[in-house]
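One-letter residues, chain by chain:
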Amino acid sequence: MIRSLRVAARLAARNIRRRPGQALLLLLTLTIATGTLGLGLSVYGSADAAWDRAWTATDGFHVSFDVYHPPDERGNDHFVRSMERRAAELADAPGVVAVGGPWTHLYGSIDVAGGREDLTAEIREPGRYAVDQPLVTSGGWLRSGDDGVVLEGGLAATLGAEAGDTVTIQGEPFPIIGVATTVSRGRFPLARPAQVWVTPATAERMRDLGMTVEGFELQMRLRDPADAPAFVASHRPAFRADPNSSAIAFLETWQERRADSHSDIDIVAGTLLIAGILIAILTISTAAVLVAGRMSARIRQVGTLKAVGTTPRQIVLALLLEYGAVALVATAIGIGIGLLLAPAIADTSVTILGTPQPRLTSTQVAIVGGVAFLVVLIGTVRPAFRGVRRSTLSSLASGARPPRRPGRLSRWASDAGLPVPAVLGLRSSWRRPGRLITNAAGLTFGVAMIVVALALRDSLDLLNTRIAEPGHAASDAAVGVLYDQIRAIVLGTALLLVTLGSINAFIVASFAARDGARSHAAIRAVGGTPRQTVISLIVSQLGACALAVVLGIPLGLGLWSLMEGGDLPETGVSLLALLVVAALVPIVFAGVVSVPARRLASRPVAPLLTYE
Amino acid sequence: MNPVIEAKDLVKTYDADEAPVRAVDHVDVVVEAGEAVSVMGPSGCGKSTLLHLLGGLERADAGELSLGGDRVDRLSETEWAILRRRSIGFVFQAFNLVDELTAIENVELPALLLGASRRDARGRAMRLLERLRVSERAGHLPDRLSGGERQRVAVARALINEPLLILADEPTGNLDSKATGDILGLFAELRDARQTLLVVTHDARVASTADRLLTMRDGAIVGQTRLEAGRPTASALAGLLDLGDTA
């Protein structure tokens, strides 16, 4: 076994040295995949870590009990009173070791740039609380006798305000005492409404200005924070809202709040992860195409190696080692890129609490590395085994495998009177169906993502043209920024997929040009022009692109139908845009494929003809 | 005198690792209409390169080349391709049929490239395959044909546009004795039909079917023999040439 490994390692090292371009190409595509995955995972991790730090610093809740009733809706008094009793029972429930509240919430409005925002003022007695003591980042906390407000950090950031400034609430100015961070709410403006903390005295003034009670909140810490889900499960059935009222009451664990607290980062990270997975899938086809191409090119070398006693296992092992080494390097670079870029992406978040500190757990590193190795394994094993399965004699004797039977499609094309180069191209297109299908699969994802990006663009454009709803001025703008980020990622992913698809197409076309070099030389020897051979090679590769367009457009529309609705306005992609995609993708593809085709056509005929 | 092809002072040099190799060294060749010419010589003497230069498959470094009285040595690749489909038929040792095309599609290919209708091209191709006794294999891909069948298909392909000149490079090099016999008969028929023919060969039996024999050594033509009626036998020809490595 050790001897086998040594032989395989030597072969792998020599192959990488002899064909550094191919190894670099695989490294590039794998690194894009691992980098995107690493970035997605570390961005996701950085938000959780920041939340955890704030949660610890503020003695954050384990379970929260929230009661809300629309301020202008009457007839909720009975429900509210019953919920107050429930809150008292919860505070005394077994397992609860500390309680914060219940704190009454007033509903009103605050002026922000561009309009007004809904506002919740949480009424607190001055002093320190055992649960959810907001972490003051500027100014001070509520004190007796102060007639002012403490702003939630996200609100302060949106307003560009700090302690000492004033804010306008219900049309009246209120001095800002301080700015504080909490985990009991998501950060404004993506989490609405805006929040301030006030003393009971200030709350009285706000009531006089027309603010009304909209509910209350009770926060609890348990003996063991891990018990929060069980605690909620055991008490939740008792807190069903009255079906005749829009008033609601709900229990929430700290884990649920954390998961909901940085929705923008989650969406961005999720989009990056999906992009990474799609790119990884596409990289499988890159690896498969490279290995298959190399095996067909080196089939004679494999024959020689077998003839001198190298076993098929050693040859496959050499390929796995070679590409495994590439996967290892790609994982290291990808994780490095992820950790390096994550702070910049996380910094664009408006929900993250404090400074993001990207991190990757060992499990996440293993996931990224596992994906890279899986890509290599799936891409390598089949073509490698196919290559070494050939008999030694046939490996030594022959070049690329000739076709076994003429294709029906090309017969129809011939009967239909298509030009000779097109018929020749169609005849060659099914010569390597595996490559055609893997290439088509990659391009299909690319086309689908372009369609999604187009739909997203239309939908977001529609969103931007909407007049901001009263009370949503700042949050609508923040949502717009978030969607712009997502659109950029989706568009970037689409471009990456199409670029990788084009790289795959280039590799496939290069190998196809090499496989078909003798046939093309023969065609030129009997009167085919270089241009005709270029057309023939392009047509032979266009099948993958046609499949990608035919499958990718409906796939993209299907994906979009799953995404639209909710916060995104429903919109379709115009027929014209789809037609442009259907026309442009094959044109770009043909341009890429024409490069190796032209290179082949520029070579003199005689050296390409077989002399055996 | 009505030369179909006329080469003057052709030179072709290849770059090699140690020193440049002159494959064709100031060669003059004239082939008259209806004449069959053989070129013989030891391996590596430049026979195939000369044939490639005459057919435009490679470009000469120096010299003049005329086909049917027109200068062709300065034609572009595309112009050469059009000229080949109209005026030159090639037969190769390794057949060089297009793998993806059936036997009959290979034969009709030059006709289609020249602009013939599919019906006309198919009819002519089938007649040629019948004449060459390989019509029953018309629908098969080259991979399914024997060496002799492939070469007969290749000859049919070379003939379909009734070219001015047929260039054949070791046409029996990959064939067994029976198939070689068939091809010899075929070339004799072509000569008798006054098809202009230039054959590069190692095989004295093939060479003996020609009207004239050129001998090459080290890239140059070193001898010329006219083979009149009552041709010498292959063994006598081999002795005459003193090649040593004839088949």
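Here the structure is a predicted model, which is why all the values come from computation and not from measurement.

1. Considerations on the overall build of chain B
The secondary structure content of chain B amounts to 8 helices and 10 strands. Out of the 247 residues belonging to chain B, those deemed buried represent 52%.

2. Things to note about the overall build of chain A
Across its full length, chain A holds 19 helices and 10 strands. When each of the 612 residues of chain A is scored for burial, the buried share is 50%.

3. A look at the interface of chain B and chain A
Where interface size is given, it is often the accessible area lost as the parts come together that is meant. Counting residues at the interface gives 29 residues for chain B, matched by 30 residues for chain A. Listing elements by their share of the side of chain B that touches chain A, those giving two or more residues are α2 (77-87) and α3 (103-114) of chain B. Tallying contributions element by element places α2 of chain B first for the side of chain B that touches chain A, with 6 residues. Grouping the constituent residues of the side of chain B that touches chain A by class yields 15 nonpolar, 5 polar and 9 charged.

4. Concerning unusual backbone geometry
Residue and element names in this part refer to chain B. For Asp9, which is not glycine, the phi dihedral falls at a positive 55°. For Asp9, a count of 13 C-beta atoms within 10 Å corresponds to the partly exposed category. Phi at Arg194 takes a positive value of approximately 65°, unusual for a residue other than glycine.

5. Examining the pairing of strand β7 (residues 172-181) of chain A
Residues and elements named next belong to chain A. Inspection of the sheet shows strand β4 (residues 135-139) paired to β7 by 4 bridges, in the antiparallel sense. Residue Gly139 lies in a different strand from β7, and its bridge partner there is Gly178. Sheet topology places strand β6 (residues 166-169) next to β7; 4 bridges connect them, and they run antiparallel. By the bridge assignment, Ile169 is partnered in β7 with Glu172. Hairpin connection, β6 to β7: the antiparallel pair is bridged by 2 residues, and Gln170 has positive phi, about 55°.

6. Observations concerning the environment of Arg22 of chain B
Tracing the chain through its elements places Arg22 of chain B in strand β2 (residues 21-32). C-alpha of Arg22 of chain B to C-alpha of Val11 of chain B: the two residues are 11 residues apart in sequence and 7.5 Å apart in space.

7. Brief notes about helix α3 (residues 77-91) of chain A
Residues and elements named next belong to chain A. Taking 1.5 Å of rise per residue, the 15 residues of α3 would be expected to cover 21 Å, and the 21 Å separating its terminal C-alpha atoms lies within 8% of that figure. The complete set of buried residues in α3 reads Met83, Ala87 and Leu90. For α3, the buried positions fall inside an angular range of 65° around the axis, keeping them on one side. Opposite the buried face of α3, by more than 90 degrees, sit the exposed residues Asp77, His78, Arg81, Arg85, Ala88 and Glu89. Those residues of α3 hidden inside the fold are in contact with β1 (63-68), β2 (96-112), β9 (212-222), α6 (228-235) and β10 (248-253).

8. Considerations on helix α4 (residues 118-131) of chain B
All names here are of chain B. Over its 14 residues, α4 runs 20 Å from end to end, which matches the ideal 20 Å to within 8%, given 1.5 Å per residue. Along α4, the residues that are buried comprise Ala121, Ala125, Leu128 and Leu129. Seen along its axis, α4 keeps its buried residues to an arc of 100°; they face one direction. Contacts from the buried residues of α4 go to α3 and α5 (147-159).

9. Observations concerning the nonpolar core
Ranked by internal contacts, the top residues of the largest apolar core, which has 239 residues, are Val43, Val149, Ile279, Val451 and Leu497 of chain A together with Ala156 and Leu198 of chain B. For this core, the leading source of residues is helix α16 (residues 473-515) of chain A, giving 17 residues. Counting the residues that make up this core, at least three belong to each of domain 1 (56-260) and domain 2 (407-612) of chain A. Not counting the four nearest positions on each side in its chain, Val149 of chain A is found in contact with Val167, Phe174, Ile176, Ile177, Val196, Trp197, Val198 and Thr202 of chain A.

10. Things to note about the confidence of the model for chain A
In the predicted model, chain A carries a mean pLDDT of 79, and 78% of its residues have values of at least 70. For the stretch residues 395-400 of chain A, pLDDT sits under 50, and the model shows 12 contacts to residues farther than four places along the chain or on other chains.

11. With respect to the sheet that holds β2 of chain B
Residue and element names in this part refer to chain B. The 4 strands are arranged β2-β1-β4-β5 in an open sheet whose pairing can be described as antiparallel. Strand pairing shows two members of the sheet lacking a second neighbour, β2 and β5 (70-71), which therefore form its edges. In terms of strand pairing, strand β1 (residues 3-14) meets strand β4 (residues 62-67) through 5 bridges, oriented antiparallel. By the bridge assignment for β4, Glu6 is matched with Ser66.

12. Considerations on the environment of Gly41 of chain B
Residues and elements named next belong to chain B. In this structure, Gly41 sits in the loop between β3 (36-40) and α1 (47-55). In this structure, the C-alpha to C-alpha distance between Gly41 and His202, residues 161 residues apart in sequence, is 6.8 Å. When near neighbours in sequence (up to four residues on either side) are disregarded, Gly41 contacts Lys47, Thr215, Met216 and Arg217.

13. Some details on the packing of α3 of chain B against α4 of chain B
Residue and element names in this part refer to chain B. Between α3 and α4, whose axes approach to 8 Å, the crossing angle comes to 125°. Relative to α4, the element α3 lies oblique. Helix-helix and strand crossings are classified by hand; for α3 and α4 the assignment is right-handed. Residues Ala103, Ile104, Val107, Glu108, Ala111 and Leu112 of α3 form the contact with α4, whose participating residues are Arg118, Ala121, Arg122, Arg124, Ala125, Met126, Leu128 and Leu129. For the contact of α3 with α4, a count of residues per class yields 10 nonpolar, no polar and 4 charged.

14. Things to note about the sheet that holds strand β9 (residues 212-217) of chain B
Pairing between the strands of a sheet is mediated by backbone hydrogen bonds and can be parallel or antiparallel. All names here are of chain B. Pairing in this open sheet of 6 strands is mixed, and the strands run β6-β7-β8-β3-β9-β10 from one edge to the other. The open sheet terminates on both sides in strands that have one partner only, identified here as β6 (88-91) and β10 (220-226). Geometrically, the sheet is characterised by an average inter-axis angle of 15° between neighbouring strands, direction not taken into account. Two strands pair when backbone bridges link them, and β6 and strand β7 (residues 165-169) are joined in this way by 4 bridges, in the parallel orientation. The residue bridging Ile88 from the neighbouring strand is Leu165, located in β7.

15. Quick look at the pairing of β9 of chain A
Residue and element names in this part refer to chain A. Counting buried positions along β9 gives 9 out of 11 residues, so the element sits mostly inside the fold. In this sheet, β9 lies alongside β2 in antiparallel orientation, the contact comprising 9 bridges. Note that in β9 the partner of Val99 across the bridge is Met220.

What counts, and at which threshold
Residues numbered from 1 in each chain as written. Chains lettered and ligands numbered in written order. Predicted model: local features only at pLDDT ≥ 70, side-chain atom pairs only at ≥ 80, totals over all residues. Helix = DSSP H or I, 4+ residues; strand = E, 2+ residues; numbered from the N terminus. Buried ≥ 20, exposed ≤ 12 C-beta atoms within 10 Å, placed from the backbone. Contact = placed C-beta atoms within 7 Å. Nonpolar A, V, L, I, M, F, W, Y, C, P; charged D, E, K, R; others polar. Pairing = 2+ DSSP bridges. Expected span 1.5 Å × (residues − 1). Arc of directions from axis to C-beta. Core = buried A, V, L, I, M, F, W, Y, C linked by C-beta atoms within 7 Å. Domains from an automatic or database assignment. pLDDT = per-residue confidence, 0-100. Axes fitted to C-alpha atoms, helices over the stretch in contact; angles between N-to-C directions. Parallel < 35°, antiparallel > 145°, perpendicular 65-115°, else oblique. Left-handed = near helix turned anticlockwise from the far one by under 90°.

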